Amino acid sequence: MLLRLPTSVSEAQECMAEGAVPIGGATLIWATWQRDGFPEQAMSLRDLPEANTIGRETLGGAVILNRIDDRVPEALRRAAATVGTGAVRRTATVGGNIVGSTLRCLLPAALVLEARAVVLDPDSVYETDLTEVLAKGHLLLGLRWRDPITSAYRKLPGEAGGPPPLVVAAALHTTGTGGTRLRVAVRDGYDVLTESTEYDAGPDLDHARVLDDLRRTSVGALHATAREAVHELVTDLLSRPTGR
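Right, let's walk through the structure included here.

Basis of the calculations
- Residues numbered from 1 in each chain as written.
- Predicted model: local features only at pLDDT ≥ 70, side-chain atom pairs only at ≥ 80, totals over all residues.
- Heavy atoms only, no water.
- Pairing = 2+ DSSP bridges.
- Helix = DSSP H or I, 4+ residues; strand = E, 2+ residues; numbered from the N terminus.
- Contact = heavy atoms within 4.5 Å.
- Axes fitted to C-alpha atoms, helices over the stretch in contact; angles between N-to-C directions.
- Core = buried A, V, L, I, M, F, W, Y, C linked by side-chain atoms within 4.5 Å.
- Buried < 20%, exposed > 50% of the residue type's maximum accessible area, 1.4 Å probe, protein only.

## Considerations on the sheet that holds strand β8 (residues 139-144)
Within the open sheet, the five strands sit side by side as β4-β5-β8-β6-β7. Their pairing is antiparallel. With partners counted over all chains shown, the strands left at the sheet margins are β4 (54-55) and β7 (125-128), one partner each. As paired strands, strand β6 (residues 116-120) and β7 are joined by four bridges and run antiparallel to one another. Bridge pairing links Ala117 to Thr128 in β7. Packing of helix α1 (residues 9-17) onto the sheet brings it into contact with β6, β7 and β8, and relative to β6 it is tilted by some 65°.

In structure tokens form, the structure reads like this:
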């Protein structure tokens, strides 16, 4: 197998056009290749600058999970820190986790940040929503979002060999009218639910009312453990100062 390491977007597109199979850390496909055979060409974006950005409003698809630090919002940072073992986090990439994995531990965090996906294909680079990326398996060049007021992430303990552990993420955003939007995402099993509600923040903010509004969405139909996890995370988020 020839591993190609493009250093520019045009070179990466050329590799794709010539049939190179995109890989990240190969943590999810190595066993399959060993069983079914290796492709003639593979391509990693680890040397492509556009796929390796880390910042308050951007994260590259080729970034290794253990490189994700406090330059990104808390929800993404904590999500990355809970993926697999240390050995996995030293190899697995953002794109591989969101697009290539069935667990997609980073997805709830990306959704509450209202992230958009930057997609690379053989003919163009364009921005789209994460739903399209997941449905079509696009090559993720990176994520972009607007810096939230604050965010949080929690993964509940899971049982070895059992179902995927419950994940809850939440973030607060300013709205165009001066209010605040609370966005929540829950991974229950392999399914991810996303909801939001808006309110006017201030010293007299009624946390109970915000939580009641959230329970009127599909969050209220979750099982008791998930509802309690959402309640705890959102209560913590609403109690924080506006700093990040």
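## Here we look at the nonpolar core
Ranked by internal contacts, the top residues of the largest apolar core, which has 35 residues, are Leu59, Leu65, Ile68, Val94, Ile98, Leu143 and Tyr153. Elements supplying a minimum of two residues to this core: α3 (74-81), α5 (94-100), α6 (107-112), β6, α7 (130-136), β8 and β10 (167-174). Discounting residues that sit within four places of it in the chain, Val94 has contacts with Leu59, Gly60, Gly61, Val63, Leu65, Ile68, Leu106 and Leu143. Core analysis: the second largest hydrophobic core is formed by 24 residues, Ile149, Tyr199, Val210 and Val230 among them.

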